[in-house]
Amino acid sequence: MAEKSDTDWQAQLTPEQFHVLREHGTERPGTSPLNVEKRDGVFACAGCGRPLFSSDTKYESGSGWPSFWRPLEGAVETTTDRSHGMTRVEVHCAGCGGHLGHVFPDGPRPTGMRYCMNGIAMKFEPGSET
Ligand SMILES: [Zn+2]
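These figures come from a predicted structure and were not determined experimentally. (Residues numbered from 1 in each chain as written. Predicted model: local features only at pLDDT ≥ 70, side-chain atom pairs only at ≥ 80, totals over all residues. Heavy atoms only, no water.)

To continue, consider the packing of aromatic side chains. Taken as a whole and judged by the stated rule, the model has four aromatic pairs. Note on Phe-43 and Phe-124: the rings are 4.7 Å apart at their centroids and 45° apart in plane angle, and the pair reads as tilted. On the criterion of sequence distance, the pair formed by Phe-43 in strand β1 (residues 41-45) and Phe-124 in strand β9 (residues 122-126) is long-range, its members being 81 residues apart. Phe-124 carries the same exposure label as Phe-43, and that label is buried. Plain terms: the ring middles of Phe-53 and Phe-68 are 4.2 Å apart, the flat faces sit at 20° to each other, and that makes the pair stacked. Residue Phe-53 is located in strand β2 (residues 51-54), and its partner Phe-68 is located in strand β4 (residues 67-68); the two are separated by 15 residues in the primary sequence. Of the two residues, Phe-53 and Phe-68, neither departs from the other in class, the shared state being buried. (Phe/Tyr/Trp six-rings, centres within 6.5 Å; stacked < 30°, edge-to-face > 60°. Helix = DSSP H or I, 4+ residues; strand = E, 2+ residues; numbered from the N terminus. Buried < 20%, exposed > 50% of the residue type's maximum accessible area, 1.4 Å probe, protein only.)

Spatially, six strands are ordered β3-β4-β8-β7-β6-β5 in an open sheet, and the strand pairing comes out antiparallel. At either margin of the open sheet sits one strand with a lone partner, and together these are β3 (58-59) and β5 (76-81). In this sheet, β4 lies alongside β3 in antiparallel orientation, the contact comprising two bridges. Each residue of the ladder has a partner; that of Lys-58, found in β4, is Phe-68. (Pairing = 2+ DSSP bridges.)

Each donor-metal-donor angle would ideally measure 109.5 degrees in four-coordinate tetrahedral geometry, or 90 or 180 degrees in six-coordinate octahedral geometry. For the zinc ion, the full set of protein donor atoms is Cys-45 (SG), Cys-48 (SG), Cys-93 (SG) and Cys-96 (SG), and the range of their distances to it is 2.3 to 2.4 Å. One way to put it: the four donor atoms around the zinc ion meet at angles of 100 to 117°, and that makes the site tetrahedral. Counting along the primary sequence, the residues that act as donors to the zinc ion give the motif C-x2-C-x44-C-x2-C. In this pair, Cys-45 sits in strand β1 while Cys-96 sits in the loop between β6 (88-93) and β7 (99-104), placing the two residues 51 residues apart along the sequence. Each member of the pair, Cys-45 as well as Cys-96, carries the same accessibility label: buried. (Donors = N, O, S within 2.8 Å, 3.2 Å for Na, K, Ca; no water. Tetrahedral: all angles 85-135°; square planar, octahedral: opposite > 155°, others 65-115°.)

The subject of this paragraph is helix α2 (residues 15-23). Looking only at α2, the buried set comprises Gln-17, Phe-18, Val-20 and Leu-21. Remark: His-24 follows α2 within two positions and exhibits a positive phi of approximately 60°.

A cis geometry characterises the amide bond from Arg-109 onward to Pro-110, with omega recorded as 10°. On the secondary structure map, Pro-110 appears in the loop between β7 and β8 (114-117). With a phi close to 60°, His-24 is a non-glycine residue in the positive phi region. Residue classification places His-24 among the partly exposed positions, given a relative accessible area of 46%. The residue His-84 is not glycine, and still its phi comes out positive at about 60°. Along the chain, the position of His-84 falls in the loop between β5 and β6.

Turning next to the sheet that holds β2. Strand order in the open sheet formed by three strands is β2-β1-β9, with antiparallel pairing between adjacent strands. Of all strands in the sheet, those bounded by a partner on one side alone are β2 and β9. Averaged over all pairs of adjacent strands, the angle between strand axes in this sheet comes to 30°, irrespective of strand direction. Relative to β2, β1 runs antiparallel, the two sharing three bridges. Within the sheet, the bridge partner assigned to Phe-43 lies in β2 and is Phe-53. (Axes fitted to C-alpha atoms, helices over the stretch in contact; angles between N-to-C directions.)

Okay, structure coming up:
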């Protein structure tokens, strides 16, 4: 895939999406309509459209961000993030490299992981098969 420049991304994304996906921003908790999204479907990357999470793995973590216990196979990659004086595991899209959120080891079974995502970095596609 061809690398997109910041200018390309700015033309495609809203300023808020650009801030999260391309500048490792974080949306304010509780602001994403995807927090209360309960329908069956797929959560896809807002940058490249790659399917990232199934509604089957979404749960209410109480964090104010859409949370999942497992991504779709091969959908995301992780890196260690040492910004803000913390060591966290950053989650980004395997398709376009866009920043999605972080993963923490305090999720529910069966994985025990909490994928804490920025809703603005994703698009919900109701009814899609995974
Ligand atoms: Zn992507």
